[in-house]
Amino acid sequence: MDPKYSCLDYFSRQVTVVKAKDRKAPAVEASYTFRGLPVLNVNFHALAAMKPSTLMQEFMYYRECGRHVLGFVVNPATTAFQLRKQTGLADCWAVNRLYYYNGTDRATVMKVQEMLNALPRGHWQHFPGPMRMVDFPKNCYLR
């Protein structure tokens, strides 16, 4: 994995990228191994089916890193309301990583928003989190 995608989990442990074993898994998914090590499972079959742009793929990695960083993998949602809240926070973590850490401009962030909101229904089975519409300027802190 490209070092710019690296992140630490909720317990400050390095997250590693591994190839997903299940071909029906989401394209990128945050989880822990049997031994408790944080990983991003990457389903290259699902990625190929989605054909995401480099920018969208970067967002997907960061979004799942955000789930690790914010502790949502070890403290998963137990209600639909919590799931929506966690999903929004992970999306914002990813966008803020693109915007503040990578220096992506606002117009490019808006392209990510447009791409997410334009995903065909079938792609949501490969994309992490529930189907949703995003509004980054409204819901995420972007100066």
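Going by the structure above, here's the rest.
Residues numbered from 1 in each chain as written. Predicted model: local features only at pLDDT ≥ 70, side-chain atom pairs only at ≥ 80, totals over all residues. Heavy atoms only, no water.

**Focus: the packing of aromatic side chains**
Okay, step 1: Summed over all chains, the structure comprises 5 aromatic pairs.
Okay, step 2: Seen in terms of ring centroids, Phe59 and Phe136 are 6.0 Å apart; in terms of plane orientation they differ by 50 degrees. Their pairing is tilted. Taken together, the residues Phe59 in helix α2 (residues 54-69) and Phe136 in helix α5 (residues 136-139) connect sequence positions 77 residues apart. Accessibility assignment for this pair places Phe59 and Phe136 in one class, buried.
Okay, step 3: An angle of 85 degrees between the planes, with centres 4.9 Å apart, marks the rings of Tyr99 and Tyr100 as edge-to-face.
Okay, step 4: With a relative accessible area of 17%, Tyr99 lands in the buried category. (Phe/Tyr/Trp six-rings, centres within 6.5 Å; stacked < 30°, edge-to-face > 60°. Helix = DSSP H or I, 4+ residues; strand = E, 2+ residues; numbered from the N terminus. Buried < 20%, exposed > 50% of the residue type's maximum accessible area, 1.4 Å probe, protein only.)

**Considering the nonpolar core**
One broad trend across soluble globular proteins is that nonpolar side chains are buried collectively.
Okay, step 1: In terms of nonpolar packing, the biggest core is built from 33 residues, with Phe59, Met60, Leu116, Phe127 and Phe136 touching the most fellow members.
Okay, step 2: Counting residues per element, the ones that place at least two in this core are β2 (28-32), β3 (38-42), α1 (44-50), α2, α3 (80-101) and α4 (106-117).
Okay, step 3: Ranked by the residues each element gives to this core, the list is headed by α2, at 7 residues.
Okay, step 4: Those residues in contact with Phe59, other than ones at most four positions away along the chain, are Asp91, Ala94, Val95, Leu98, Val112, Leu116, Phe127 and Phe136. (Core = buried A, V, L, I, M, F, W, Y, C linked by side-chain atoms within 4.5 Å. Contact = heavy atoms within 4.5 Å.)

**Remarks on the state of the cysteines**
Okay, step 1: Evaluated as defined, the whole model comprises 2 disulfides.
Okay, step 2: In this model, Cys92 is linked to Cys140 through a disulfide, with the two sulfur atoms separated by 1.9 Å. Across the S-S bond of Cys92 and Cys140 the torsion is about -80 degrees, and the bridge reads as left-handed. One end of the pair, Cys92, is in helix α3; the other, Cys140, is in the segment after α5, with 48 residues separating them in the sequence. (Disulfide = S-S within 2.5 Å.)

**Some details on the layout of surface pockets**
Okay, step 1: In this model, the largest pocket occupies a volume close to 240 Å³.
Okay, step 2: Arg84, Thr87, Gly88, Asp91 and Asn139 are, among the 14 residues lining the largest pocket, the residues nearest its centre.
Okay, step 3: Elements with a contribution of two residues or more to the lining of the largest pocket: α3 and α5.
Okay, step 4: For the lining of the largest pocket, the per-class residue count stands at 6 nonpolar, 3 polar and 5 charged. (1 Å grid on protein atoms, 1.4 Å probe; cavity = no way out; pocket = protein on both sides within 12 Å on 5 of 7 lines; lining within 4 Å. Points joined across faces, edges and corners; volume = space filled by probe spheres on them. Nonpolar A, V, L, I, M, F, W, Y, C, P; charged D, E, K, R; others polar.)

**Description of the sheet that holds strand β1 (residues 16-19)**
One key point about sheets: their strands pair by backbone hydrogen bonds, in either a parallel or an antiparallel sense.
Okay, step 1: Ordered by their spatial adjacency, 3 strands build an open sheet running β1-β3-β2, and the pairing between neighbours is mixed. Looking at which strands have only one partner, the edges of the open sheet turn out to be β1 and β2. The average angle at which neighbouring strand axes cross in this sheet is 35 degrees, direction not considered.
Okay, step 2: One ladder, built from 5 bridges, connects β2 with β3; its direction is antiparallel. (Pairing = 2+ DSSP bridges. Axes fitted to C-alpha atoms, helices over the stretch in contact; angles between N-to-C directions.)

**Some remarks on a nonpolar patch on the surface**
Okay, step 1: A grouping of Tyr10, Phe11 and Val74 is seen on the molecular surface, where their side chains present a nonpolar patch of about 280 Å² in accessible area.
Okay, step 2: Mapping Phe11 onto the fold places it in the segment before β1. (Patch = residues over 30% accessible without salt bridge, like charges linked within 9 Å, V, L, I, M, F, W, Y side chains within 5 Å. Areas by Shrake-Rupley, 256 points an atom, 1.4 Å probe, with all protein chains shown as cover. Salt bridge = Lys/Arg side-chain N within 4 Å of Asp/Glu carboxyl O.)

**Structural notes on α3**
Okay, step 1: With 22 residues, α3 ought to run about 32 Å at 1.5 Å a step, and its terminal C-alpha atoms sit 31 Å apart, in line with that.
Okay, step 2: For α3, the complete set of buried residues consists of Gln86, Thr87, Ala90, Asp91, Cys92, Ala94, Val95, Asn96, Arg97, Leu98 and Tyr99.
Okay, step 3: Looking at the packing, one finds that the buried side of α3 touches α2, α4 and α5.
Okay, step 4: Directly beyond the C-terminal end of α3, a positive phi value near 75 degrees is found at Gly103. (Expected span 1.5 Å × (residues − 1).)

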